[in-house]
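Here's the letter readout for the chains.
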Amino acid sequence: TTYLNFIATHDGIGLRPLEGLIPEENVNRLVERMHDRGGFVTMRDAGDRQRPYEINVALYSAFDESLPAYLAAHTLLLSFQGMPALYIHSLLATTNDLDLVEQTGRTRSINRGHWQMDALEARLADPESPQAQMLAHCRRVMACREAQPALNPESEQAVSPGPPGVFLLRRNCPTQSLVIAASVVDTPQEVPLHGTGLPTGRFEDRLTGNQVELGETLALAPYEVLWLDVTVASSGGD
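So, how was this worked out
- Residues numbered from 1 in each chain as written.
- Predicted model: local features only at pLDDT ≥ 70, side-chain atom pairs only at ≥ 80, totals over all residues.
- Heavy atoms only, no water.
- Helix = DSSP H or I, 4+ residues; strand = E, 2+ residues; numbered from the N terminus.
- Rg over C-alpha atoms; globule rule 2.2 N^0.38 Å.
- Buried < 20%, exposed > 50% of the residue type's maximum accessible area, 1.4 Å probe, protein only.
- Contact = heavy atoms within 4.5 Å.
- Lys, Arg positive; Asp, Glu negative; His and termini not counted.
- Charge placed at Lys NZ, Arg CZ, Asp CG, Glu CD.
- Pairing = 2+ DSSP bridges.
- Patch = residues over 30% accessible without salt bridge, like charges linked within 9 Å, V, L, I, M, F, W, Y side chains within 5 Å.
- Areas by Shrake-Rupley, 256 points an atom, 1.4 Å probe, with all protein chains shown as cover.
- Salt bridge = Lys/Arg side-chain N within 4 Å of Asp/Glu carboxyl O.
- Axes fitted to C-alpha atoms, helices over the stretch in contact; angles between N-to-C directions.
- Parallel < 35°, antiparallel > 145°, perpendicular 65-115°, else oblique.
- Left-handed = near helix turned anticlockwise from the far one by under 90°.
- Phe/Tyr/Trp six-rings, centres within 6.5 Å; stacked < 30°, edge-to-face > 60°.

### Details of the overall build of the chain
- For the chain, the count of helices and strands is 8 helices and 13 strands.
- Rg of the C-alpha trace for the chain: 20 Å, near the compact-globule value of 18 Å for 238 residues, within the 12% margin.
- C-alpha extents for the chain along the principal axes are approximately 60 × 50 × 40 Å.
- A total of 238 residues make up the chain; the buried ones form 42% of that total.
- Within the chain, residue pairs in contact and separated by at least 24 positions form 61% of the contacts whose partners lie at least 6 positions apart.
- The distance from the centre of the 18 positive side-chain charges to the centre of the 30 negative ones in the chain is 5 Å.

### Section: the sheet that holds strand β2 (residues 13–14)
- The antiparallel open sheet is built from 3 strands, whose spatial order is β2-β4-β3. Only two strands of the sheet have a single neighbouring strand rather than two, namely β2 and β3 (40–45).
- Where β2 lies against strand β4 (residues 50–56), 2 bridges are found, and the strand directions are antiparallel. Among the inter-strand pairings, G14 is bridged to a residue of β4, identified as E54.

### A short note on the environment of L135
- You can see L135 is positioned in helix α7 (residues 130–146).
- It is 6.7 Å that separates the C-alpha atoms of L135 and L92, two residues lying 43 residues apart in sequence.
- Setting aside residues no more than four positions away along its own chain, L135 makes contact with L91 and L124.

### Re a nonpolar patch on the surface
- A contiguous nonpolar surface patch, about 300 Å² in accessible area, is contributed by L4, F6 and M83.
- Here M83 is to be found in strand β5 (residues 83–84).

### Observations concerning the pattern of salt bridges
- In this structure the tally under the stated criterion is 10 salt bridges.
- Here R108 ties to E54 by a salt bridge, and the two come within 2.8 Å at their closest N and O atoms. Highlighted residues: R108 in the loop between α5 (98–104) and α6 (117–125) and E54 in strand β4, separated in sequence by 54 residues.
- A salt bridge links R206 to E204, with the nearest nitrogen and oxygen atoms 3.7 Å apart.
- Overall, the relative accessible area of 28% leaves E204 in the partly exposed class.
- Sharing partners across several salt bridges, the network here consists of D11, E54, R108 and R112.

### Quick notes on the packing of helix α3 (residues 67–77) against α7
- Remark: α3 packs on α7, axes separated minimally by 10 Å, with the N-to-C direction vectors making an angle of 25 degrees. Comparing their axes, α7 and α3 come out roughly parallel. In this structure, α3 crosses over α7, and the sense of that crossing is right-handed. Packed against α3, whose contacting residues are L67, Y70, L71, H74 and T75, the element α7 presents P130, Q133, M134, H137 and V141 at the interface.

### Some thoughts on unusual backbone geometry
- The phi torsion at D64 lies on the positive side, around 60 degrees, for a residue other than glycine.
- Along the polypeptide, D64 turns up in the loop between α2 (59–62) and α3.
- Although it is not a glycine, A93 sits at a positive phi angle of roughly 50 degrees.
- Positionally, A93 belongs in the loop between α4 (88–91) and α5.

### Some details on the packing of aromatic side chains
- Scanning all chains against the criterion turns up 3 aromatic pairs.
- Their ring planes at 80 degrees and their centres at 5.5 Å tell us that F63 and Y70 sit as a pair that is edge-to-face.
- Taking relative accessible area as the criterion, F63 reaches 23% and is therefore assigned partly exposed.
- Exposure remark for Y70: the relative accessible area of 0% places this residue in the buried category.

### Considerations on the sheet that holds strand β7 (residues 166–173)
- The strand order across the open sheet built from 6 strands is β6-β7-β8-β13-β10-β11, with neighbouring strands paired in antiparallel fashion. The open sheet is flanked by β6 (156–160) and β11 (211–214), the only strands paired with a single partner. The sheet shows a mean angle of 35 degrees between the axes of neighbouring strands, taken without regard to direction.
- Where strand β10 (residues 201–205) meets β11, 4 bridges bridge the pair, whose relative direction is antiparallel. Considered in β11, the bridge of E204 is made with Q211.
- Along the sheet, α3 contacts β7, β8 (176–183) and β13 (225–229); its crossing angle with β13, the most-contacted strand, is approximately 35 degrees.

In structure tokens:
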């Protein structure tokens, strides 16, 4: 058995798992943002009041059609321990289908749109389209993932402490150690690494082949995700 990791399905985005983990005001802010981006939110009876239960929105619309953030989220999804699952409309960067909601009377239909084959083929043939860029990105990242022993579904995983604006993850197996560093903000940042337990030195980013410096800080571009191979440093007893 292993984890099955996904960001979206044909149903809505459930909010109940956030209860007790995320402050209520943050959940309400998320709900407001999804309303602003054309989504719907179903409510549940919590006795004293109505509380948000599920967000209905196409994932690409939920990201406000920000392709850099959208690609970064899926790269991070492909970094986690377990098996990734990609809903077809997430893979194709489909936007909200409000016409289908009106036709069916169901808010979940917003993320169940129908592509016409000729229209989809035209989008995929255009390298500048979100659909073509998303599909090409996922193919490249998945191919890279298959070549990393540390990203085997059963390889170890540990979240490293980090400042706001960045997510740090370690994936380890006997033959490889990776540091996953992901920017979750739309501005460049110099991430302080003191207290994170990460090794220092120059390491290869497996996603690009570039050498990246880990020192007192780590420079990250907006929504940049790195797969840093720190195997040598880890085996040396950092």
